[in-house]
Amino acid sequence: MSLTETLRRHRTRRQASEFTAEYMSGWYAAHDVLGWPGELVLPETTTLDEAVQAIAAAAGLPQTGRDDDLAAGASAERKGRPDVSLGDHRQATYAQ
């Protein structure tokens, strides 16, 4: 991801005031990948939905039935599985 996009995304975070763009540009490395076999590198233009789909596919997770999992009456079926709110992908809780 480019430094410009990295800084843009950083400005949207709650922690944005913790360090400056100048500080970030000092440690930024372009094309900084791990180089592991099978590493998934997504373009910076990838949307959240596209990223979730690509990661799920790479992990071998099912790509169908997600809408049924989120139905209001499905909470009993989700016991012990993540109960993720799509409105805030940073938070995951487990159904009791």
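Along each chain, residue indices are assigned from 1 in the same order as the chain's sequence is written. Residue-level local features of this predicted model are given only where pLDDT is at least 70; pairs of side-chain atoms are given and counted only at 80 or more, and the full residue set underlies all totals for whole chains, interfaces and linings. To obtain the side-chain values, all non-hydrogen atoms of the structure were used and water was disregarded.

**A short note on the overall build of the protein**
We count a stretch as a helix when DSSP gives it H or I for four or more residues in a row; a strand needs E for two or more, and each element gets its number in order from the N terminus. Within the protein, the regular secondary structure consists of four helices and two strands. When the elements of the protein are put in sequence order from the N terminus, they spell out α-α-α-α-β-β. Sorting the 96 residues of the protein into buried and exposed places 11% on the buried side. Looking at the protein alone, contacts between residues at least 24 apart form 17% of all its contacts between residues at least 6 apart. Burial classes: relative accessible area under 20% of the type maximum marks a residue as buried, over 50% as exposed, and values in between as partly exposed (1.4 Å probe, protein chains only). The contact criterion used is simple: two residues touch if any of their non-hydrogen atoms lie within 4.5 Å.

**Notes on the confidence of the model for the protein**
Residues at a pLDDT of 70 or more form 67% of the protein, whose mean pLDDT is 76. Confidence of the prediction at every residue is given by pLDDT, a number between 0 and 100. Here strand 2 (residues 92-94) stands out as the least confident element of the protein, with mean pLDDT 37; helix 3 (residues 48-58) is the most confident, with 93. Contacts of residues 72-79 to residues separated by more than four positions or lying in other chains number 10 contacts, the stretch itself having pLDDT below 50.

**Here's the deal with the packing of aromatic side chains**
Any pair of Phe, Tyr and Trp rings, taking the six-membered ring for Trp, is counted once the centres come within 6.5 Å. Such a pair is stacked with planes under 30 degrees apart, edge-to-face with planes over 60 apart, and tilted for the rest. Applying the stated criterion across every chain, the model contains one aromatic pair. On the basis of an interplanar angle of 55° and a centroid distance of 6.1 Å, the ring pair of Phe19 and Tyr23 is categorised as tilted. We classify Tyr23 as exposed; its relative accessible area is 53%.

**Points about the layout of surface pockets**
In this analysis, the protein atoms alone were mapped onto a 1 Å grid. Cavities are point sets where a 1.4 Å probe fits without being able to get out; pockets are open sets with protein on both sides within 12 Å along at least five of seven lines; lining residues have an atom within 4 Å of a point. Grid points are joined across faces, edges and corners, and a volume is the space filled by probe spheres set on the points. Empty space within the second largest pocket amounts to approximately 370 Å³. Contributing to the lining of the second largest pocket are 14 residues, with Met1, Thr6, Asp32, Val33 and Leu42 lying nearest its centre.

**A look at the side chain of Thr46**
Position of Thr46 among the secondary structure elements: in the loop between helix 2 (21-27) and helix 3. Residue class for Thr46 comes out buried when judged on its relative accessible area of 18%. Polar contacts here mean pairs of N or O atoms no more than 3.5 Å apart (in protein, one a potential hydrogen donor and the other a potential acceptor; neighbouring residues in sequence count only if both atoms are side-chain atoms). A distance of 2.7 Å separates a polar atom in the side chain of Thr46 from the backbone oxygen of Pro43.

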